[in-house]
Amino acid sequence: MSKIIILFFFIFYNLLNANILQDAIDNAKEGSILKVPKGIYKGSIKINKPISIIGKEEGVIIDGLGEGTVIEINSPYVTIKNLTIIGSGERHDKLDAAIKISNSKQSEISDNIIKDCLFGIDVSMTNNSIISNNYITSKDLDLGLRGDGLRLWYSNDNIVSKNKLINSRDMIVWYSHGNEISENYGENNRYSLHFMYAGKNYVKNNTYKFNSVGIFFMYSKDTLATGNIIKSSLGATGMGIGLKDVSNFTLKDNTVIYCAQGIYIDHSPFEPDTKNWIENNKILYNAEALHFHSLSENNVIKGNNILGNIEDVINDSRGSKTDKNEIVNNYWDNYEGFDKNGDNIGDTPHKVFQYADQLWVYNPNVKFFYGSPVISLLNFLAKLAPFSQPVFLMSDKEPKLKI
């Protein structure tokens, strides 16, 4: 049984004095639990042994004094819990962070408040660990100059859950596999969740709003994303969920609402003889529901509710082969067919065309007028009496009539 060390000293002490917390860590045996009382403690803490540091009560503050990383961990079996961590340095080249953990396993970072730190929690080469219920916000800098709130780098089989990232930059999962990313919340960030070269991750029940991009998957495979809510991605190209060169993905039961682009598909699936499944999602009130860029075929797009979007399908590259995807049994609010036998399947396919008036698809300058009365009139006239052959984009052979 681990020895429990309780630190008794004054609630406040002069920060210019010796680093009392570091001394306690250095003198503690492996497996010790340090229960720290309320007070302000000097940062630049280094942990190189299995140990637990737990705030005994609220108000346990570790202050980095604006220099470097506040807590650096280089050991397995470490717990950091119930601390307030502030005042990291501002150097991007050194990844100045609130907590930096590397070469670890079976560690836990939970229930901490992180403020005024460039990077929040930087996790590298760390496996089978828990990062949960942390509140993370960055320094008061322009969006691109903030550090990432949470980074997983070459880290596998971790549970990342119930964290809140507010006014940070990105949460990234790069070169990391088998992680569960669940019930996290992101607001006013850039990429609320960004994957690259990552596989077999499970992304569920996260909520992201007022970010530039909700969830973006790049160069990855074998991942399930379900039950996520992405709302109000900001800007003219604000994106709900993006797929770039990914294979064997499942997007299921997600809600994407009030974004410029609902689901963005670029060269996916990437690997030959693979598919992606986009099923039973709610794609609601976006400027564009499905945006195809580059060659993208063999996606299964099935059972989705596509409602209230300005454009249902956009193909901006002329060669993405949207008609080569399996698109079936979706609800389209602008379907104009009938259901004579009452089986909730339209009697005729729902077909989507791209008309000549959609010049803005290939010319971003024209998009300035998108949604104006002039463009709306052109849309109506082009569909009523097209002056050129429209481009066929896709057909849903069995559209649903009711949600």
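This is a predicted model, so every value here is computed, not measured.

Regarding the overall build of the protein chain
In terms of helices and strands, the protein chain carries two helices and 41 strands. Taking all 403 residues of the protein chain together, 52% fall into the buried category. Put simply, 53% of the contacts in the protein chain that link residues at least 6 apart link residues at least 24 apart. Total accessible area on the protein chain stands at roughly 18300 Å², and carbon and sulfur atoms take up 53% of it.

Here's the deal with the sheet that holds strand β37 (residues 311-315)
In a beta sheet, neighbouring strands pair by backbone hydrogen bonds and run either parallel or antiparallel. Strand order in the open sheet made by the 12 strands is β4-β7-β10-β13-β16-β19-β22-β25-β28-β31-β34-β37, with parallel pairing throughout. A single partner strand is all that each edge strand has here, and the edge strands are β4 (45-47) and β37. The mean inter-strand angle of the sheet, taken between neighbouring strand axes irrespective of direction, is 10°.

Let's talk about the side chain of N189
Mapped onto the elements, N189 comes out in the loop between β21 (185-187) and β22 (191-196). A polar atom in the side chain of N189 sits 3.3 Å from the backbone nitrogen of N167. Within the local environment of N189, its side chain forms a polar contact with the backbone nitrogen of S168, the two atoms lying 2.6 Å apart. Non-local contacts of N189, meaning those with residues more than four positions away in its chain, are made with L143, L165, I166, N167, S168, R169, F210, N211 and S212.

With respect to the pattern of salt bridges
Evaluation of the coordinates by the stated rule reveals 11 salt bridges. R91 serves as the salt-bridge partner of D93, at 2.6 Å between the closest nitrogen and oxygen. With a relative accessible area of 56%, D93 lands in the exposed category. The exposure class of R91 is partly exposed, given its relative accessible area of 43%.

Quick word on the confidence of the model for the protein chain
Within the protein chain, residue pLDDT values average 89, and 86% of them lie at 70 or more. Taken together, the stretch residues 5-17 has pLDDT below 50 and engages in 32 contacts with residues farther than four places along the chain or on a different chain.

As for the environment of N286
You can see N286 is positioned in the loop between β33 (282-284) and β34 (288-293). The class of N286 is buried, set by a relative accessible area of 1%. Sequence separation between N286 and N309 is 23 residues; the distance between their C-alpha atoms is 4.7 Å. A polar contact is formed between the side chain of N286 and the backbone nitrogen of Y258, at a distance of 3.3 Å.

Here's the deal with the side chain of S182
As for its placement among the helices and strands, S182 is situated in strand β20 (residues 180-182). Within polar-contact distance, the side chain of S182 engages the side chain of E180 at 3.1 Å. Not counting residues up to four positions away in its chain, the partners in contact with S182 are V160, S161, K162, K204 and N206.

Notes on helix α1 (residues 20-27)
Taken together, the buried positions of α1 are L21, Q22, A24 and I25. Looking straight down α1, one finds that the buried residues subtend no more than 160° of arc, so they occupy a single side. If you follow the buried residues of α1, they end up packed against β2 (33-36), β3 (39-42), β4, β5 (52-55) and β6 (60-63).

A look at the nonpolar core
Core analysis: the largest hydrophobic core is formed by 69 residues, its most contacted members being I47, I71, I80 and F217. Beyond its immediate stretch of four places on either side in the chain, I47 contacts I25, I53, I71, E72, I73, N74, S75, V78 and I80. Ranked by size, the runner-up nonpolar core spans six residues in total, among them F216, M218, M239 and Y264.

Details of the environment of V173
Position of V173 relative to the elements: it lies in strand β19 (residues 171-174). Note: C-alpha distance between V173 and F217 (44 residues apart in sequence) is 9.5 Å. Once you skip the residues sitting within four places of it in the chain, V173 turns out to touch L152, N179, I181, L193, H194, F195, M196 and A198.

Focus on unusual backbone geometry
Looking along the chain, the bond that leaves S268 and enters P269 is cis, with omega of 0°. When you line up the elements, P269 lands in the loop between β31 (261-266) and β32 (276-279). Even without glycine at this site, L65 takes up a positive phi of about 55°. Checked against the element boundaries, L65 lands in the loop between β6 and β7 (71-73). On the accessibility criterion, L65 (45% relative accessible area) is partly exposed. Even without being a glycine, Y258 presents a positive backbone phi close to 65°. Assignment of secondary structure puts Y258 in the loop between β30 (255-257) and β31.

Regarding the pairing of β2
With burial as the criterion, only one face of β2 is covered, namely that bearing L34 and V36; the residues I33 and K35 on the opposite face remain uncovered. The pairing of β2 with β5 spans four bridges and is classified as parallel. Within β5, the residue paired with I33 across the bridge is S52.

Examining the environment of S155
Relative to the helices and strands, S155 resides in the loop between β16 (150-153) and β17 (159-161). Overall, S155 belongs to the buried group, its relative accessible area being 0%. Linking S155 and S129, residues 26 residues apart in sequence, is a C-alpha distance of 9.2 Å. Sequence-distant contacts of S155, that is, excluding residues within four places in its chain, are made with V123, S124, M125, T126, N127, Y175, S176, H177 and N179. A distance of 3.0 Å separates the side chain of S155 from the backbone oxygen of W153, its partner in a polar contact.

Rules used throughout
- Residues numbered from 1 in each chain as written.
- Predicted model: local features only at pLDDT ≥ 70, side-chain atom pairs only at ≥ 80, totals over all residues.
- Heavy atoms only, no water.
- Helix = DSSP H or I, 4+ residues; strand = E, 2+ residues; numbered from the N terminus.
- Buried < 20%, exposed > 50% of the residue type's maximum accessible area, 1.4 Å probe, protein only.
- Contact = heavy atoms within 4.5 Å.
- Areas by Shrake-Rupley, 256 points an atom, 1.4 Å probe, with all protein chains shown as cover.
- Pairing = 2+ DSSP bridges.
- Axes fitted to C-alpha atoms, helices over the stretch in contact; angles between N-to-C directions.
- Polar contact = N/O pair within 3.5 Å; in protein donor to acceptor, adjacent residues only side chain to side chain.
- Salt bridge = Lys/Arg side-chain N within 4 Å of Asp/Glu carboxyl O.
- pLDDT = per-residue confidence, 0-100.
- Arc of directions from axis to C-beta.
- Core = buried A, V, L, I, M, F, W, Y, C linked by side-chain atoms within 4.5 Å.

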